[in-house]
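# Descriptive structure summary
Residue strings, one per chain:
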Amino acid sequence: MAQNIVTEATPYRTRPTMPPVLRGFLWAAIGFLVLNMATIAVDPFRGHPFITEISAVIGWVGGVIGWLLGVGGWEGVVLPLFGVPNPWVAAPGWRKYLELSTEHKVIGIQYLISSTGTFGIAGLLAMGIRYELMQPSLHFFTYPDQYLTAVGVHGTLMMFAVGTVALVGGLGNYMVPLMIGAKGTVFPRLSGIGHWLVPAGVLTVIFSPLFGYWTTGWRGYEPLASQDPSGIIYYYLGVAALTLSSTCVAVNLAATIVFHRSNGVTWARLPLFVWGILTVSLLNLIWLPEIQMTFVLGLLDRLVPFNFFDAIGSPLNYLSLFWLFGHPEVYIVVVPALALWNEIIPVMAQKSLFGRSWAVIGLIFVMMLSGLVWAHHMFTNMRNSEMFPFSFFTEMISIPTGFSFLAAIGTLWKSRYRLFTPGLLVIMSMFNFLVGGLTGVFLADPPVNLEVHNTFFVVAHFHYTIIGGMVFTWVAAMYYWIPKLSGRMYNEFWGKLLAIVIFIGFNGAFSQMFLLGLHGMNRWVPAYPPYLKPMNYEVSLFAFLLGAGFIGHGIHLWWTWVKGPVTPDNPWNGRTLEWLTTSPPPPENFNGEVLVTGSFYRYDIDKPAAVLHPPE
Amino acid sequence: MGVEAVPINPRELRGYRFGLVLFLFTQAVPFVVLYAVEYYFDAFYISPATNQWLGAVEVLLMILAWTTGRSGLAAMRHNNLSGLISGFRQSLVLGLANLVVLGYQWGTRFVPPGTRYGEIFYTVSGVTGFYTLVGLFVVLAISIRAGRLRFTSENCWDAEAAMYFVTFSLLTNVVTYLFLYWI
Amino acid sequence: MGEVVGFVVVWIILSLLAEWGLSAVKAHTLYDVIASQGFLAERAFNFLATWLTPVFVFVVVYLIYVLIRFHAPNGKPERSRSQFIRNKGFVAFWVGFSFFVNILFWLHPTSADLEQMFASDMPSRNHGDLIVDVTARQWEWIFSYPQYKVTQAVNHLGEDELELPVGRKVEFVMRSYDPFHTYDVYAGVIHDFWIPAFGTKEDVIPGITRYEYIRPTVLASYKTNPMVRVQCAEVCGPGHPWMEAPVSIVTPSHFSKWIKHQQTLEAHAGG
């Protein structure tokens, strides 16, 4: 909004008195205390403790505002909003990642770092969960609610701070402007402030157990949530911050894709990943505000208290409102991954993309159908007559999802597929997502669903789609683009070895969970009948292997970023626009004007898809 | 200040407009949720305890706030900066008056909060009031910014943007009024 | 063309092998099933598996085929000689098959089975059912047999227990509330009434009375088969994993003896 300011003097940097992140924490503490005490001051019921549930909510708002202002929002957003120029210029070196930035590449890296860190924390929780499940009784966690909280925090963080964020806020922010030949985004400040909501939300969710263990898992089912200790409040608030962040990304990237495409990037030429981000942004824009308001209602149910979702309200209403968002959410997670397959495969295969329009139509129809299937999560509690439409749409949504396979399979036929790590991981991801998708067909059939719903069969199914589909593709995309992000190349041996490790760990762990579910293992249990122990024990061993593999990938990518051998600008011989510029790209993305004259996915044409006219 | 406004190129301007409208459309979603919940629990029931007059006054104030803001923006199109600022400031005061009336209604608790209708009433009017407050903050910020940056008729996107917010507040106020007091 | 034929032959052979493997385990895809609804679910499961096996084999064989036949041996960027971007036959096959198979699945098993399920729920089909009132509270299943004036069936340890006669249709009437805290509106949460061996489950929702109709057809007991248990399947707080109760499917004569025993117990309760 504050784009139209120019400063006459050369920009100067007033040194902040302390590092922005540190100042963010300090201001957050101040913000919390001020609003907390203000709430206590008007509390009509004296004699409460210093922090009550209501003051914790209002104080949290103050804390988040303080945090956002502290990391640079005061200088970067608030002052310009009131017409005062921003006294800061971007910090040099690595410090620029630790303050508010308006450069989409910096923001993208910030999102990736936040997401990766969260993935590590939530993954560690998963290891704790699996360690607990090695024995049929409580032996690692002391109380069952600790286990349930671990499950809830794991799920919440993975969905809202990794699944929704890594490919969209992270790679989307970094790559989309590059891939459409833009020099920046439409709302850089919005996007910059958006990132810093992620650490705020993540910390809120991580520390929520300090206010009491909450037991609902990532879905916050009512009326259980109303009955839980106060920790559940910080689940609502953490999710609010994280979803707000994704909303910022969605507005910014959607507007950027529509208005900042360079000359020649027509809709017919728009890269697939950009299509993926555009469809996902629309999903985000519709459904994230929906879940935010649902959580506000849940919060009011608890704080006032109202009776929207308990026995004298309607628990089913909450379930519907939750899944109305919740099912599109899983497509928010996987649609960019499906798009990435067909971004990476043609480059690795050096072969023209097969059926491009089918791949795009698939993404769009998945987006449109995703809002019509939510109640298949509720076959166990819906009216009989409602089963028909929801099972119908659920079965139908596999058709457009299949179009991504159609395009990938057509492209691979008779190609010269280069089995570099990204290529290998994409193939693995296709296999995993195939398993996830086909087991989804079983779940779409209500009689089968009624047996396996809420069992480990479902746990396995969605981990196959989310880890197998999205996380594997995320790792593939990191290897594919790390030369662009850093100008350096990873080590092929380690990349492939670690890819095989996570493939074995993943399939070993989650394929057996299907059998566990069919054999009577239900979800959210720190203890289970002893006959299920042997397979659970094996699952845990494979899960530890998977965890170790992810840590290995993290270390390897970090090593690449810092020490990897320097690589040319276009190591894969790709045709999309991000390969047209230097690695890493300059601040303005391209040294000159981009003109696109051909298709990005035609490898039968020798002429490059675009030319870069150097500045006069 | 060492700062001056420069014209935005038309393509960029279209991007801003599109983005902001998109954002406001998404912010209609929470209201759809609220109205749906209202319909679910209350259908067409209106509590006889509601004060119809105060509800109408709230909407009237919001309409006035929108009108004055609009006239401020019209003045800006004729390069009348002080007209813009005074229009926005009046709009701000009228909007605050709307919130004061809402606060009075809450304070007196004409509608008992422990009832089905009461839950809906406080939730829906509270969320509407919150969005109104955000809109007023934007109006305040832009009225200050307009003076500092010396907006011109070619370069007053920010004022236009503020009016988008006020329009959104007006719409939500009207629809909320209809749902809470009429249907 | 030769390449296509070769691939299709491999695909068909491996699909047939996979179908043969599937048929070997078909009787146990849901492990142990002992009730009408469970057999319905197992048949549906097997039907879907039969159709999806060739699909699964197609993609897997294809991916392996790519890794073997179509990889660039030295990793050098090398363009393939065939650079087609469309193939009407393949697209028509893929899209047509996916429409066909999904519509098929919705008609059968989904719609056909649902009609059968709903029909068995109709009041006209349910005269003389054994009625069992199921009350879910945190964290206990309470089973009452109103036709026999048994308010809470328990075993010799005083634990709740569900016993059903084989071959007789049962109507479960399920409610979620706490009989000991009826004044607390937050005390009722969503539970899920699941007997794994019955092959179905249903949520028990506060404020709503729900029904499930089922006919156990095999003698079974928790003592010999742990899938014959009532297990809460919807998270309901820290006691969730232990919200379970043993189930026995017994002969009618054994059942009437058991009911008499329960009546005797209740007659002397509190005495």
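The structure displayed is predicted, hence computed values, not measured ones.

Cut-off values and rules
- Residues numbered from 1 in each chain as written.
- Chains lettered and ligands numbered in written order.
- Predicted model: local features only at pLDDT ≥ 70, side-chain atom pairs only at ≥ 80, totals over all residues.
- Heavy atoms only, no water.
- Helix = DSSP H or I, 4+ residues; strand = E, 2+ residues; numbered from the N terminus.
- Buried < 20%, exposed > 50% of the residue type's maximum accessible area, 1.4 Å probe, protein only.
- Contact = heavy atoms within 4.5 Å.
- Buried area = accessible area lost by both parts, 1.4 Å probe.
- Salt bridge = Lys/Arg side-chain N within 4 Å of Asp/Glu carboxyl O.
- Polar contact = N/O pair within 3.5 Å; in protein donor to acceptor, adjacent residues only side chain to side chain.
- Pairing = 2+ DSSP bridges.
- Axes fitted to C-alpha atoms, helices over the stretch in contact; angles between N-to-C directions.
- Expected span 1.5 Å × (residues − 1).
- Bend = angle between axes of the 7 residues up to and from the residue.

## Regarding the environment of Pro85(A)
- With respect to the helices, strands and loops of the structure, Pro85(A) is situated in the loop between helix H2 (53-81) and helix H3 (104-132).
- Exposure remark for Pro85(A): the relative accessible area of 17% places this residue in the buried category.

## Quick notes on the interface of chain B and chain A
- On the side of chain A, 39 residues touch chain B, which itself brings 42 residues to the contact.
- Regarding the contact of chain B and chain A, the summed buried area is about 3600 Å², with carbon and sulfur atoms giving 70% of it.
- Together, Arg11(B), Tyr16(B) and Arg145(B) form the three largest contributors to the area buried by chain B at its contact with chain A, with a combined 15%.
- At the junction of chain B with chain A, the criterion picks out zero salt bridges.
- Summed over the shared surface of chain B and chain A, the result is eight residue pairs in polar contact (both at pLDDT 80 or more).
- The set of elements that each furnish at least two residues to the side of chain B that touches chain A consists of strand E1 (3-5), helix H1 (10-42) and helix H4 (116-149) of chain B.

## Side note on the environment of Met521(A)
- Inspection of the secondary structure puts Met521(A) in the loop between helix H17 (492-518) and helix H18 (533-563).
- For Met521(A) and Phe457(A), which are 64 residues apart along the polypeptide, the C-alpha to C-alpha distance reads 8.5 Å.

## A word on the sheet that holds strand E7 (residues 210-214) of chain C
Residues and elements named next belong to chain C.
- Pairing in this open sheet of four strands is mixed, and the strands run E2-E1-E4-E7 from one edge to the other. With partners counted over all chains shown, the strands left at the sheet margins are strand E2 (140-144) and E7, one partner each. In this sheet, adjacent strand axes meet at a mean angle of 25° when their direction is disregarded.
- The sheet contact formed by strand E4 (residues 170-176) and E7 spans five bridges and is antiparallel. Within the sheet, the bridge partner assigned to Val173 lies in E7 and is Tyr211.

## A closer look at helix H2 (residues 36-69) of chain C
- Its 34 residues give H2(C) an end-to-end C-alpha distance of 49 Å, which sits within 8% of 50 Å, the value for a rise of 1.5 Å per residue.
- For H2(C), the principal kink sits at Leu52(C) and spans about 35°; a proline, Pro54(C), occurs within the next four residues.

## Some details on the pattern of salt bridges
- According to the stated counting rule, one finds 19 salt bridges over all chains in the structure shown.
- Linking Glu386(A) and Arg383(A) is a salt bridge whose minimum nitrogen-to-oxygen distance equals 2.9 Å.
- The exposure class assigned to Glu386(A) is partly exposed, which follows from its relative accessible area of 27%.
- Residue Arg383(A) is classed as exposed on the basis of its relative accessible area of 58%.
- Between Glu78(C) and Arg416(A) there is a salt bridge, with the nearest N and O atoms lying 3.4 Å from each other. Here Arg416(A) lies in the loop between helix H13 (398-412) and helix H14 (421-444) and Glu78(C) lies in the loop between H2 and helix H3 (88-121), a pairing that spans two chains.
- The class of Arg416(A) is partly exposed, set by a relative accessible area of 26%.
- The network of salt bridges with common partners includes Arg17(B), Arg77(B) and Glu160(B).

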